[in-house]
Structures are given as structure tokens and as C-alpha cells.
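Commentary on secondary and tertiary structure
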Amino acid sequence: MNTIAQHWINGQWTGSGSVLESINPADGTVVGSFYDGGEAEASAAVDAAAAAFATTEWARTPSLRATALSRLADTLEARVPEVAAMLSRENGKLLGETTWEVSGAVGWLRYAAASARTQTAGRAAETAPGQYTHSVPEPLGVAGIISPWNSPIMLTVRALGPALAAGCTVVVKLPAQTALTNELFAQVLASVTEIPAGVVSVFTESGNTGAPFLVSSDKVDVINYTGSTPVGRRIAAAASTTLKRLGLELGGKAPMVILPDADLDMVIPTVVQSLVLMNGQFCCTGSRVLVHRDIAGQVRTRLTDALAQVRLGSGDDEKAQLGPVIDRASAERVDAIAEEAASYGTVLLRGGVVTDGPLPAGAFYRPSLIEVERTDVRIVQEEVFGPVQTFEVFDDEDDAVAKANATIYGLAASVFSSDSMKARRIARRIRTGTVWINTWGAISEDFEEGGVKGSGYGYLCGPRAIEEFQALKVYVEQDHTQSAH
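In the annotation of an unreviewed UniProt entry, the protein chain is listed under the name Aldehyde dehydrogenase family protein and assigned to Actinomadura nitritigenes.

Structure, rendered in C-alpha cells:
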């Protein structure tokens, strides 16, 4: 790596901006230093992307794009241990989770490589005598990708892959919390010689000037953003001035609906995993546990006991189940939400910021479980983004569906039942982009991801992903010789 992590813009390493430090949230130590970008880096990257789109063969050569994406997958695969280790140090996730993330990104790149060869063809027909019409999907142009710190590799690749497959040129804004990981990923991109200079640029930003530039620039044709709903709303408003295409995957508040006939031996560890994965900092975190009244007592006791036994530790602790949240300020913010909820709910398990033992130097937070009766309270209506769950009791299917749908979010949900038809019936009524039945968190590059309501719009993964970065052009040709007869 460079001594100070740099940006990769127009095929060159760029050391511009102020120098900041990347901090390990597990112990507060300095991982390394990086150049902090902003509007200047974003502007240079956009200019490079616009030029590359206009002057290189990238947008017009699907075979080149497929080869480049395959090489990108191979190169990233060879560096999975290195990238995963750095990501674990920078954002605090357990090493097994970061390894899964980076390895999964390899598969998504391979899917994108296949899409470049199979999803760029149009259709044709003789729509009237002597009139021939055909349609061709074309790349939209310059794509801006704004990625979060909780899964920066996977959440970047799931947009970058289809954008490149479509023939777009791309500017990626990555978060400062994972700056050294960002440079490792940029190194992977830089090593793929089939990608012309300017086709992909990557810059890191801690502030808020580069990303807004991407959103407002009339040279950027499509934006993909993954992050919070409030920021997503601001992006949608700002992008309206240029009417650019938007893909927004925003916040979530995933309900975990547990019916009386559910297998609790399977359900309890699944619900615990839904809270601790990514240290509770996941848009699909199982933050709401909805339980039928007939089994509420059993689930309440078993879940409380299971969460109390969760082992905290740094990313390289093989026995740990839960790492730190991203920083101490976030831990304090999560705790304030839990403390407020204790004033109107029943505390089943009061975790909190770790201040003793071997982990007080980090941003660790022990899980909390709070029972609430109302759905109009803050802890139900807002994304906590930390290891805090609510426990809510329902009486019948209608009550379960009403409570599951009681927030602005519609990203994901789970339903647990031994009766598959009953589970599907309830799942059909829950307004989310994904519903898992008797499981949680299962994702695949073969099927789309996306939300409804306040969780955004657009699709990533699956065959529709490439369409988010394509426009359809229709050509009509008239054979006047034939029409004259």
C-alpha cells in the first residue's frame, strides 16, 4: 500500500486532500493514514469518466467488459484474506463476516461478467409492412456510486458490477471509516489492464462535498446510493434538478414474525444472529421480534438468555459473536435510544456500552432487548443501527401483519412457522422487498435486492440489476421499396 492511502482517479494514484487517521473501533488504535477527498476529487473523477465514456471502446464492447469483470473477480479472489483482514480492523466486523463479504463480492463480479455478454441484446420485429423496429439497451453514461462503511466491498460491487457490465463509466465514493480497505480495493481495480483509464475512479471522503457533487453534476447520469433514509430523501431532492436515474437502498427495520408452531430451537439462534451480524449495523438487522401471544413467555425467556450470553470480541477473536459498533459516538447514540425506550417499555435485557473488563477501549455495546406495546414509539419507528431489539406480542395473523407493516420501512422481514402455506400467506401481506421464511439474511447474486416504501427503490443483484444502468433506444427503419408495392 501507499504510505498514506490514496485515491485512484483517471488511472493514477492521487494524494490530495487533508491527511486523517483510520481508527480500529475494537481498541481505538490507529490503523493507518489516508488522504481525505471531497469535491475536487469528485470533479476530477467525473471529468475522467465522461471522457472515457466518450472516447474509449468500453461502452460499445461487451466482450471487453466481460473479460475485465472476470479478471477483476480473479484478482479480488486472490486477495480475499488481505482485504478481509483490513476491513475487519477498520470497521470492527468479525473476520469470518468480512471474509464472507469479500468472497461473496467475487461471485457477484462473476455474475456481472456474464451479464455483460447476455443482457446487452435487444429485440426486433417487423411492426408494419416494410417497417423494421428494433430496440437496443445502451449504457446510461457516467454512474456515481455512494457506498457505506458497514459493508463497503459487497455494497460497492453489487452496483459496480452491473454498472460496468452495462457499459457505464463509474465514480465510486467510499467512506472514510474504511479508507485503507478502499485503497486495497482500488489496487484490485488498478491491476486490471482491460479497464481503460477513467472508466473507474475511487475516492475516499469523510465530509460531505464530494458525494453531493456527484448527485448534482449534470455529467453524472445515474446515482446508486446505499445508506440511511433521511440522506436518501435529500439525494432524491437534489437529483431532481438533473432528472438523473436513481437507485436507493435505504434503511430497514426488519420484523421477525414468530408463529405458535415455529421451531424455537431453530428460531432463537436465528433471531440472535439477525441482531449480532455486522454488529447490528445492517439494513436488514432483525431489530423487531414479533411473537404470538401463545408462545410469548417461552420466546421472551429463551431470547433474553441467549442474548445475555453473546460473546463480545475484536474481529480476530474466533470465539466472538459480536464485535464493536463503528465508533464510541455510535455506541453512545445507540445507548441513548435504548435508555429512552426503557422509559416507556419493559426492559428484558439492558446491555449497554462496555466500560469494564478487557474491552473498554473499544466501541463495544452489549445487546439490549426491550418489550414495547406501541408501534408509534421511536425505537420501533427509527433505525437504531446497533444491537438493540424490540419484543412485540401479537394476537393473530391480522395483528402480526399490521404490526409488521407499522413503520415507513419495507426492506426485509422474516416469518417462522412449520406451516409453509400459512407463512407464505403472511409473507404475501408484509410490504417488503424480501421476506425470508424460516431463515434470515439469505442473499444471492442470482436474485434481486430492493426495498419499498421508505426503504427506497431500484434493484441490485439478479437480472434486473444491469437495467438500473441502461437506457433503451428504439430504432425504426422503413423499406420504401417494399412499402411502394
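**As for the overall build of the protein chain**
When helices and strands are tallied, the protein chain shows 15 helices and 22 strands. Dimensions along the principal axes, computed over C-alpha positions, put the protein chain at roughly 80 × 60 × 40 Å. Relative to its 485 residues, the protein chain shows a buried fraction of 55%. Sequence separation of 24 or more characterises 72% of the internal contacts of the protein chain that already satisfy a separation of 6 or more. Within the structure as shown, the protein chain displays about 19,200 Å² of accessible surface, and the carbon and sulfur contribution to it stands at 51%. A distance of 3 Å separates the average location of the 39 positive side-chain charges in the protein chain from that of its 55 negative side-chain charges.

**A few points about the pattern of salt bridges**
This model, assessed by the stated rule, comprises 26 salt bridges. A salt bridge links Arg300 to Glu371; its shortest N-O distance comes to 2.9 Å. Taken as a pair, Arg300 in helix H10 (residues 296-308) and Glu371 in strand S17 (residues 368-371) lie far apart in primary sequence, 71 residues in all. The class for Glu371 is buried, based on a relative accessible area of 16%. Members of the salt-bridge network, linked through shared partners, are Asp74, Glu77 and Arg110.

**Regarding the UniProt feature "domain: Aldehyde dehydrogenase" (unreviewed entry) in the protein chain**
UniProt records the feature "domain: Aldehyde dehydrogenase" (unreviewed entry) for residues 18-473 in the present numbering. Helix makes up 39% of residues 18-473 and strand 22%, whereas the separation of the span's terminal C-alpha atoms amounts to 44 Å.

**Observations regarding the sheet that holds strand S22 (residues 470-478)**
In space, the three strands of this open sheet follow the order S5-S6-S22, with antiparallel pairing throughout. Of all strands in the sheet, those bounded by a partner on one side alone are strand S5 (123-128) and S22. Between one strand and the next, the sheet's axes are offset by a mean angle of 25°, whatever the strand orientation. Of the pairings in the sheet, the one linking strand S6 (residues 131-139) to S22 comprises nine bridges and is antiparallel in character. Directly across from Tyr132, in S22, lies its bridge partner Glu477.

**Remarks on helix H9 (residues 264-276)**
The first and last C-alpha atoms of H9 sit 18 Å apart over 13 residues, in line with the 18 Å expected at 1.5 Å per residue. All buried positions along H9 are accounted for by Leu264, Val267, Ile268, Thr270, Val271, Val272, Ser274, Leu275 and Val276. Buried residues belonging to H9 abut helix H4 (95-118), strand S12 (255-258), strand S13 (288-292), H10, strand S18 (388-394) and strand S19 (412-416). One side-chain oxygen at the N-terminal end of H9 lies 3.1 Å from the backbone nitrogen of Asp265; it belongs to Asp263. The positive-phi residue at the C-terminal boundary of H9 is Met278, with phi of around 60°.

**Describing helix H11 (residues 328-342)**
Along its 15 residues, H11 runs 21 Å from first to last C-alpha, staying within 8% of the 21 Å computed at 1.5 Å per residue. Listing the buried residues of H11 in full gives Ser330, Ala331, Val334, Asp335, Ile337, Ala338 and Ala341. For H11, the buried positions fall inside an angular range of 155° around the axis, keeping them on one side. Packed against the buried residues of H11 are strand S15 (352-353), strand S16 (365-366), S17, helix H12 (378-381) and S18.

**As for unusual backbone geometry**
Of note, Lys453 is a non-glycine position whose phi angle comes to about 55°, a positive value. Here Lys453 is to be found in the loop between strand S20 (434-437) and strand S21 (456-457). Positioned with a positive phi, Cys461 is a non-glycine residue whose angle comes to about 75°.

**Here we look at the environment of Thr270**
Mapped onto the elements of the fold, Thr270 is located in helix H9. In the structure, Thr270 is positioned 14 residues away from Met256 in sequence and 9.8 Å away in space, judged by C-alpha atoms. Thr270 has contacts with Phe416, Thr439 and Trp440, leaving out every residue within four places of it along the chain.

**Describing the packing of helix H2 (residues 62-78) against H4**
Two numbers describe how H2 lies on H4: the axes approach to 8 Å, and their chain directions differ by 170°. By the criterion of interaxial angle, the relationship of H2 to H4 is roughly antiparallel. In terms of crossing hand, the pair formed by H2 and H4 is left-handed. On the side of H2, the interface is formed by Pro62, Ser63, Arg65, Ala66, Leu69, Ser70, Leu72, Ala73, Asp74, Leu76 and Glu77, while H4 contributes Val102, Ala105, Val106, Leu109, Arg110, Ala112, Ala113, Ala116 and Arg117.

**Topic: the sheet that holds S20**
Read from one edge to the other, the open sheet built from seven strands follows the order S14-S17-S18-S13-S12-S19-S20, with strand pairing classed as mixed. Strand pairing shows two members of the sheet lacking a second neighbour, strand S14 (346-349) and S20, which therefore form its edges. Each adjacent strand pair in this sheet contributes to an overall mean axis angle of 25°, direction not counted. Taken together, the four bridges between S19 and S20 define a ladder with parallel strand orientation. From the neighbouring strand, Ala412 faces S20, where its bridge partner is Thr434.

**Quick notes on the UniProt feature "active site" (unreviewed entry) in the protein chain**
Under the UniProt annotation, the feature "active site" (unreviewed entry) is placed at Glu249. Residue placement: Glu249 occurs in strand S11 (residues 245-249). For Glu249, the residues in contact, after removing those within four places along its chain, are Arg158, Tyr225, Thr226, Gly227, Cys283, Leu411, Glu449, Gly450 and Ser455.

Scoring rules and cut-offs
- Residues numbered from 1 in each chain as written.
- Predicted model: local features only at pLDDT ≥ 70, side-chain atom pairs only at ≥ 80, totals over all residues.
- Heavy atoms only, no water.
- Helix = DSSP H or I, 4+ residues; strand = E, 2+ residues; numbered from the N terminus.
- Buried < 20%, exposed > 50% of the residue type's maximum accessible area, 1.4 Å probe, protein only.
- Contact = heavy atoms within 4.5 Å.
- Areas by Shrake-Rupley, 256 points an atom, 1.4 Å probe, with all protein chains shown as cover.
- Lys, Arg positive; Asp, Glu negative; His and termini not counted.
- Charge placed at Lys NZ, Arg CZ, Asp CG, Glu CD.
- Salt bridge = Lys/Arg side-chain N within 4 Å of Asp/Glu carboxyl O.
- UniProt positions renumbered as here; feature names shortened; annotations may be inferred.
- Pairing = 2+ DSSP bridges.
- Axes fitted to C-alpha atoms, helices over the stretch in contact; angles between N-to-C directions.
- Expected span 1.5 Å × (residues − 1).
- Polar contact = N/O pair within 3.5 Å; in protein donor to acceptor, adjacent residues only side chain to side chain.
- Arc of directions from axis to C-beta.
- Parallel < 35°, antiparallel > 145°, perpendicular 65-115°, else oblique.
- Left-handed = near helix turned anticlockwise from the far one by under 90°.

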